[in-house]
Amino acid sequence: PGQTAYDQIAGEVDFNFQVKPILSDKCFACHGPDLQSLKADLRLDLRENALEVKESGKIPIVPGNAAHSHLVQRLLTDDPELKMPPPESHLALSDFETATLIKWIDQGAAYKPHWSFIKPEKM
């Protein structure tokens, strides 16, 4: 049997290089910094907002537990009424992109500031 997309992701998933591009391309239109287009009071660009209990009683991201993260449930559902991104957006995550987000959440959903705000370290 072949490896799953999840198994193909080696090491620590990096927010700035692996996760943020996915969120930016597929999620930020409705769940990003533009407050005019914000849906469900969910900002995936802000960790504290993505981890808080929403009005629905659900938590979008549960660090270390993708199975209990509402975001993952919405990504994986086959129900077109619940699916994210919604089918009418004509956006879809590949299996690899979905697996990257799941692994990142399982690894603790660490957000990082923009690379320009991270002090360089000698290797």
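Attention here is on the structure that accompanies the text. (Residues numbered from 1 in each chain as written. Predicted model: local features only at pLDDT ≥ 70, side-chain atom pairs only at ≥ 80, totals over all residues. Heavy atoms only, no water.)

The terminal C-alpha atoms of helix H6 (residues 95-106) lie 16 Å apart, and with 12 residues this matches the ideal 16 Å at 1.5 Å per residue to within 8%. A large share of H6 lies buried, amounting to 9 of its 12 residues. Among the residues of H6, Glu97, Thr98, Ala99, Thr100, Leu101, Ile102, Lys103, Trp104 and Ile105 are the ones counted as buried. In the core, the buried residues of H6 are packed alongside helix H1 (5-8), helix H2 (15-26) and helix H5 (70-76). One or two residues past the end of H6 sits Gly108, with phi positive at roughly 115°. (Helix = DSSP H or I, 4+ residues; strand = E, 2+ residues; numbered from the N terminus. Expected span 1.5 Å × (residues − 1). Buried < 20%, exposed > 50% of the residue type's maximum accessible area, 1.4 Å probe, protein only. Contact = heavy atoms within 4.5 Å.)

With that settled, the discussion passes to a negative patch on the surface. A cluster of acidic residues, Asp78, Asp79, Glu81 and Glu88, forms a negative patch on the protein surface. Tracing the sequence through the fold places Asp79 in the loop between H5 and H6. On the accessibility criterion, Asp79 (31% relative accessible area) is partly exposed. (Patch = residues over 30% accessible without salt bridge, like charges linked within 9 Å, V, L, I, M, F, W, Y side chains within 5 Å. Areas by Shrake-Rupley, 256 points an atom, 1.4 Å probe, with all protein chains shown as cover. Salt bridge = Lys/Arg side-chain N within 4 Å of Asp/Glu carboxyl O. Lys, Arg positive; Asp, Glu negative; His and termini not counted. Charge placed at Lys NZ, Arg CZ, Asp CG, Glu CD.)

Take the state of the cysteines next. Under the definition given, this model contains 0 disulfides. Cys27 takes part in no disulfide bond, and the closest cysteine sulfur to it belongs to Cys30, at a distance of 9.0 Å. (Disulfide = S-S within 2.5 Å.)

A word on the packing of aromatic side chains. Counted under the stated rule, the structure contains 3 aromatic pairs. Ring centres of Phe15 and Tyr111 lie 4.6 Å apart, and the angle between their planes is 35°; on these two criteria the pair is classed as tilted. Separated by 96 residues along the polypeptide, Phe15 in helix H2 and Tyr111 in the segment after H6 bring together distant segments of the chain. One exposure class covers both Phe15 and Tyr111, and it is buried. One cation-aromatic arrangement involves Lys103 over Tyr6; the distance from NZ or CZ to the ring centre is 4.7 Å. (Phe/Tyr/Trp six-rings, centres within 6.5 Å; stacked < 30°, edge-to-face > 60°. Lys NZ or Arg CZ within 6 Å of the ring centre and 35° of its normal.)

Applying the stated criterion across every chain, the model contains 4 salt bridges. A salt bridge links Asp45 to Arg43; the shortest N-O distance between them is 2.6 Å.

What follows concerns the layout of surface pockets. In this structure, the largest pocket encloses a volume near 540 Å³. Together, 25 residues line the largest pocket, and His31, Ala40, Leu42, Arg74 and Met84 are the ones closest to its centre. Those elements that provide at least two residues to the lining of the largest pocket are helix H3 (28-31) and H5. The element best represented in the lining of the largest pocket is H5, accounting for 4 residues. Of the residues in the lining of the largest pocket, the class split is 14 nonpolar, 4 polar and 7 charged. Looking at the second largest pocket, its volume works out to about 200 Å³. Lining the second largest pocket are 18 residues; nearest its centre among them are Leu75, Leu93, Ser94, Asp95 and Thr98. Secondary structure elements with two or more residues in the lining of the second largest pocket: H1, H5 and H6. Among the elements that make up the lining of the second largest pocket, the one with the highest residue count is H6 (4 residues). Looking at the lining of the second largest pocket residue by residue, the classes come out as 13 nonpolar, 3 polar and 2 charged. (1 Å grid on protein atoms, 1.4 Å probe; cavity = no way out; pocket = protein on both sides within 12 Å on 5 of 7 lines; lining within 4 Å. Points joined across faces, edges and corners; volume = space filled by probe spheres on them. Nonpolar A, V, L, I, M, F, W, Y, C, P; charged D, E, K, R; others polar.)

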